[in-house]
Amino acid sequence: TVRIFSVTILVLLLMIPNAMIRDIIRERQFTSQEAVTEVSSKWGNTQTIVGPIVSVPYLRYTEDSDGKRTYTKYWSHFLPDDLRIDANVNSDTRKRGIYEVVVYGSQLSISGKFMKPDPEVLNIEQKYFLTEEAIVSMGIPDMRGIGDKVSLAFGDTVAEFGPGIPTSDVFSEGISVRMPLADLDEYKFNIDLSLRGSQSLDFVPIGRSTHVKLNSDWPHPSFKGSFLPEKHDIAETGFEAVWKVLDLNRNFPQAWRGSKLGLYDSSFGFELFIPNDHYQQSMRSAKYAILFISLTFMVFFFMETINKKRIHPIQYILVGLALSIFFVLILSLSEFVGFNAAYGVGALA
């Protein structure tokens, strides 16, 4: 009984170096994440595409006691009736020291149509509705990821987007172009966008009907956001996914005045998921340390009992520390040769 109690105390004491090893794993994982952040900040961070949106300024006035009117400009915003996005995403890896960072480059074809903006829907008088100052804008969170000039075919007009947005009602970062509205019932549009990013690519379903078709060579997608794809096909060479989202599926209207929150709550997309990286596997192995050590000590205990030969507590501690070195070897070697080879070398040691 005394011996069992002593062995139990030794097992618990050996959880102290195991806790230190887990701290090292977390530290190495944090350093790896720092490398991902550093590379992403230069290549392009996670991207969420919002747009295009037509924004039309309008005037409102206040009248003082003398009848003098003061006019103030506000913005109204209109979403497309139909939005179709065809995206082709190619993954790539960048190295920072011993760390590999997965990034992507994408080619997006964005098309659809707007119906003629109707100020009466928003209780705006036609004479104060400044259609000649309308803009078309797109929200892009990391502008460094734009790889080429972005042109817009809108109705009968072709123009080129510029940086910045005159109003931050909808999003604060992105591109825009002034687009006076002609007297048309509908405006068909087309945009070709080359965009770099890392970790994930998301879309906001701003169309009355939004269709997204996405192709990629990444074999391990993790679909995320408010909507899962209607259908998808995942193979070792990549995947294809298709989404269809209606305006009834989200919680914001097709037109509004002023700012509007909650657009990003309806975003959806995919993440460049890395299944079971070596830090996750090392941490999982370290969590079973008490099982490895306990089983080994049980074998020693039965050897003592059956053979009537005593094993000194220091020998127990030495064996327990040797088992702890197994977990250190897994962590240190897996960063260079992968988890499976590191596990084999650590077990042999």
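An account of the accompanying structure is given in this report.

Procedures and definitions
Residues numbered from 1 in each chain as written. Predicted model: local features only at pLDDT ≥ 70, side-chain atom pairs only at ≥ 80, totals over all residues. Heavy atoms only, no water. Pairing = 2+ DSSP bridges. Helix = DSSP H or I, 4+ residues; strand = E, 2+ residues; numbered from the N terminus. Axes fitted to C-alpha atoms, helices over the stretch in contact; angles between N-to-C directions. Buried < 20%, exposed > 50% of the residue type's maximum accessible area, 1.4 Å probe, protein only. Salt bridge = Lys/Arg side-chain N within 4 Å of Asp/Glu carboxyl O. Patch = residues over 30% accessible without salt bridge, like charges linked within 9 Å, V, L, I, M, F, W, Y side chains within 5 Å. Areas by Shrake-Rupley, 256 points an atom, 1.4 Å probe, with all protein chains shown as cover.

In spatial order, the strands read 7-6-10-4-3-12-15-14; together these eight strands make up an open sheet with mixed pairing. Edge positions in the sheet fall to strand 7 (157–160) and strand 14 (231–235), since each of these pairs with one other strand and no more. Direction aside, neighbouring strands of the sheet carry axes that sit 15° apart on average. Note: strand 4 (residues 99–115) against strand 10 (residues 186–198), 13 bridges, orientation antiparallel. Among the inter-strand pairings, Met115 is bridged to a residue of strand 10, identified as Glu186.

So, about the pairing of strand 5 (residues 135–139). Both faces of the sheet carry side chains from a regular strand, because those side chains alternate between them. The buried fraction of strand 5 amounts to five of the five residues, a majority that puts the element mostly inside the structure. Sheet analysis places strand 1 (residues 47–63) next to strand 5, joined by four bridges and oriented antiparallel. The partner of Ile53 across the bridge, within strand 5, is Ser137.

Let us now look at the pattern of salt bridges. In the structure shown here, the tally under the stated rule is nine salt bridges. Residue Glu186 pairs with Lys113 through a salt bridge whose shortest N-O separation is 3.6 Å. Placement of the pair is Glu186 in strand 10 and Lys113 in strand 4, with a sequence separation of 73 residues. When the shortest N-O distance is used, the salt bridge between Asp142 and Arg144 registers 2.9 Å. A single network of salt bridges, built from pairs that share partners, joins Asp81, Arg208 and Asp247.

Another point: a nonpolar patch on the surface. A grouping of Tyr288, Ile290, Leu291, Phe292, Leu295, Met298, Phe302, Ile306 and Tyr343 is seen on the molecular surface, where their side chains present a nonpolar patch of about 890 Å² in accessible area. No other element matches helix 4 (residues 289–307), which puts seven residues into the nonpolar patch. Here Ile290 is to be found in helix 4.

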